[in-house]
Amino acid sequence: MFRNGLLLRMFSQQRGILRRFYCVTGREIQPADGTPSSYFGLLKSATDAKEVLEFLPTISRTKQDRHVYTLPALKTLFELQKNGKSTLRSDQILKHPRFAELCQNVRFESRTFLMNDITECLKILTYLGVHTNSEIITVLLQLIRHQINDVTLDHIVFLSFILKKLDRTPLVEALQIALPMLLQIQIGYKLDHENVQQLVDLLEFVSQHKVNDRTVMNIVSALTLHGTNLSPEQATNALKALASFHNFLPQYGKLLQNVFAVLERDLDELPFKMLDYVLKRVLEKNLEHYPMFYHEPFLKRCAQYAVDHDIGLLNALYLLKKLNKISFLHIPLLDYIAAHAGKLSIVPTSGIITIVAGFSNANYRPPGWETIREEIARNSTITTGSIPWIRYNLELLSLDIFNPQLLAHWLNPQALEANMARNVLVDYLQLTELGQTLRLLYGGQYQGAYPAKHYVEKSVMLMLQNNDHPLLKPLEFAFGGEEYVSTQVVTEQGHVLDHVIAFDGDGNPVKQCVPSVEGAGIRLEDVRQQANKLVAVLFLPKSCYAINVNRLRGRFALHVKTIQALGIPTATVSPVIWANLPESERIPFLQRE
């Protein structure tokens, strides 16, 4: 059993000077006969919180009938205030002299309260804004401390919620420490395995508090046994709880799948705000390298929700912004946004960036694209310093939106030097891509400055440090050995081609005897001299095949175009595609233009 003696030691530090909450009592206004029974009848018919206070009976401390109205008065006050049936604000209620009398009466009666009454009073007083250090709150917290063995699992969850709303005091902190300890003691014999709501509430509690693994598994196992017999709200709360665990054990996996199945089935029953929040939590967890939180049917249902419920352009953009983070593609959502393109002038800066990223990620042109493109172009000039400006300009160009004024602003040498001062490595890689695109695809249109040579050199150096070449061995096997495949071939524009294979006039692979220079790779010009035809083999990024194998995303497609502008045919391959390609088709696959 959980000993009161342990808690007495934990609470000993909080004994100090208690500040009284009570106010000066004003003029007493009584109902006609001044009896508690008539006041109790008034409570049943009260339509304003003001009535509850102004007709409060005056009962001396020795009277035994305070219990007739004390708790009912407080509960009625709470209900009227919560439902907006009050001409008094919460702060006015706290200053009302009769409210101080009511708190005194609650205090006098509190020693007879059961735990449910104590937690109910604590909830109401907290809702009204009574200060944590007030005498009445302190008395109630002390009662919880003394009756700690009467606290049930449901009380633990509820009290945890209330305590978070109170100021930090030694007494509050001691209770916050005690509740998880009490839960661990009670979980084995008080857990109601058939009460789904309790299980979900407890899962949320243990996801936010430090408890042992056995306690968590008791709850997870019990909830898992209910399969998909959860309401969408319960599934949402369970999913948020699972996403809150810092250490996600494999044993939680089945419950996670059950929760996703419930939401896939019943997502339409949720309000958009709840869906939006849970999607945010899921994607954050996915980006933290927890792949089990990537559930494609759930993501599709979230995106389709926007279309089916016609949630409006801004809400759709909130949704798209989250999906962009993992390059998730959903064409109906993009079509829905495209249908609202006429409203882009009222969309904030972040919304324009989201739209550009969404269509670029998908490399998608919806019906009526020219009109949509013109609307995007008209609203595309964004010079806010905090935006990811290099990526944004690349995404615009991938959509064939050329904005020379915007490019001139960002590529101004002084502005560029200031922006690159933060020394983020990915900025060098993207800046080189931007320079390649402008030189090779827009050279006749762009008259502004280009990135300085030292930016390109640093980008090449960074790319040459990548030693991950999952296609190298399969390519060497397919084409006759390592002499036939050149790796990390560098162009004058700063491309670093994953692999290059040379062919003679008859289409046969040619041995290459071009040594690489340490730290500089192999020069493309040296490889060109030994063959009639080259094919650049590019390793297809995960963003291009994780969701749709056959689609090249906009940014990568733009990169491929700049390589082709050098007169080099390209073959884009992923390990997944290569592994499933019959051996007889591998060479023709790479020789295609």
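Computed from a prediction, not measured in an experiment: that's the story for all the values here.

**Notes on the overall build of the protein**
No. 1: Per the secondary structure count, the protein includes 31 helices and five strands.
No. 2: A buried classification covers 51% of the 593 residues belonging to the protein.
No. 3: Approximately 28,000 Å² of the protein is accessible, and the part contributed by carbon and sulfur atoms is 51%.

**Here we look at the packing of helix α9 (residues 153-165) against helix α10 (residues 170-190)**
No. 1: As a packed pair, α9 and α10 sit with axes 9 Å apart at the nearest point and diverge in direction by 160 degrees. The orientation of α9 with respect to α10, classified from their angle, is roughly antiparallel. For α9 against α10, the interelement crossing comes out left-handed. On the side of α9, the interface is formed by L153, I156, L159, S160, L163 and K164, while α10 contributes V172, L175, Q176, L179, L182, L183, Q186, I187 and K190.

**A short note on the environment of I136**
No. 1: You can see I136 is positioned in helix α8 (residues 135-146).
No. 2: On the basis of relative accessible area, I136 is assigned to the buried category, the value being 0%.
No. 3: For the pair I136 and C103, spaced 33 residues apart in the sequence, the C-alpha separation amounts to 6.5 Å.

**Details of the environment of L406**
No. 1: Mapping L406 onto the fold places it in helix α22 (residues 404-411).
No. 2: On the accessibility criterion, L406 (0% relative accessible area) is buried.
No. 3: Placed 23 residues apart in sequence, L406 and T383 show a C-alpha to C-alpha distance of 7.4 Å.
No. 4: If we ignore the near neighbours within four places in the chain, the residues touching L406 are S380, T381, I382, T383, Y392, N393 and L396.

**Some details on the layout of surface pockets**
No. 1: What the second largest pocket holds in volume is close to 320 Å³.
No. 2: In terms of lining residues, the second largest pocket is bounded by G435, R439, P451, K453, V456, E457, V460, V490, T491, E492, Q493 and G494.
No. 3: Going through the elements one at a time, α24 (425-441) and α25 (453-464) are the ones with two or more residues in the lining of the second largest pocket.
No. 4: It is α25 that contributes the most residues to the lining of the second largest pocket, four residues altogether.

**Considering the confidence of the model for the protein**
No. 1: The predicted model of the protein averages 85 in pLDDT, with 88% of residues at 70 or higher.
No. 2: pLDDT under 50 marks residues 1-34. Its contacts with residues more than four places away, or in other chains, come to 68 contacts.
No. 3: Across residues 545-551, where pLDDT falls below 50, the model places 19 contacts with residues more than four positions away in sequence or in other chains.

**Re the pattern of salt bridges**
No. 1: Under the criterion given, the structure shown has 24 salt bridges.
No. 2: Across the pair K50 and E54 runs a salt bridge, and its minimum N-O distance is 4.0 Å. One end of the pair is K50 and the other is E54, both in helix α3 (residues 49-54) and four residues apart, which spans about a single turn.
No. 3: On the accessibility criterion, E54 (24% relative accessible area) is partly exposed.
No. 4: E79 is paired through a salt bridge with K82; the nearest N and O atoms lie 3.8 Å apart. Of this pair, E79 and K82 both sit in helix α4 (residues 70-82), separated by three residues, roughly a single helical turn.
No. 5: With relative accessibility at 37%, the residue E79 sits in the partly exposed group.
No. 6: Three or more residues joined by partner-sharing salt bridges are found here, namely K280, R281 and E284.

**Side note on the packing of helix α15 (residues 272-287) against helix α16 (residues 296-308)**
No. 1: Packing of α15 against α16 leaves a shortest axis separation of 11 Å and a crossing angle of 145 degrees. Note that α15 runs across α16; the crossing there is left-handed. Along the contact surface, α15 presents F272, L275, V278, L279, V282 and L283, while α16 presents F298, L299, C302 and Y305.
No. 2: A per-class count over the contact of α15 with α16 returns 10 nonpolar, no polar and no charged.

**Considerations on the packing of aromatic side chains**
No. 1: Overall, the coordinates contain 12 aromatic pairs when judged by the stated rule.
No. 2: Grouped by ring-pair contacts, the aromatic residues F245, F248, Y252 and F293 constitute a single cluster.
No. 3: One cation-aromatic arrangement involves R439 over Y450; the distance from NZ or CZ to the ring centre is 4.1 Å.

**A few points about the nonpolar core**
No. 1: Membership of the largest hydrophobic core comes to 151 residues, with the highest contact counts inside it found for F99, L141, L203, L239 and F298.
No. 2: Every residue in contact with L203, bar those within four places of it in the chain, is listed here: I219, V220, L223, A238, A241, L242, F245 and L255.
No. 3: In terms of nonpolar packing, the next biggest core, distinct from the first, is built from 18 residues, V500, I522, L524 and F556 among them.

Calculation notes
- Residues numbered from 1 in each chain as written.
- Predicted model: local features only at pLDDT ≥ 70, side-chain atom pairs only at ≥ 80, totals over all residues.
- Heavy atoms only, no water.
- Helix = DSSP H or I, 4+ residues; strand = E, 2+ residues; numbered from the N terminus.
- Buried < 20%, exposed > 50% of the residue type's maximum accessible area, 1.4 Å probe, protein only.
- Areas by Shrake-Rupley, 256 points an atom, 1.4 Å probe, with all protein chains shown as cover.
- Axes fitted to C-alpha atoms, helices over the stretch in contact; angles between N-to-C directions.
- Parallel < 35°, antiparallel > 145°, perpendicular 65-115°, else oblique.
- Left-handed = near helix turned anticlockwise from the far one by under 90°.
- Contact = heavy atoms within 4.5 Å.
- 1 Å grid on protein atoms, 1.4 Å probe; cavity = no way out; pocket = protein on both sides within 12 Å on 5 of 7 lines; lining within 4 Å.
- Points joined across faces, edges and corners; volume = space filled by probe spheres on them.
- pLDDT = per-residue confidence, 0-100.
- Salt bridge = Lys/Arg side-chain N within 4 Å of Asp/Glu carboxyl O.
- Nonpolar A, V, L, I, M, F, W, Y, C, P; charged D, E, K, R; others polar.
- Phe/Tyr/Trp six-rings, centres within 6.5 Å; stacked < 30°, edge-to-face > 60°.
- Lys NZ or Arg CZ within 6 Å of the ring centre and 35° of its normal.
- Core = buried A, V, L, I, M, F, W, Y, C linked by side-chain atoms within 4.5 Å.

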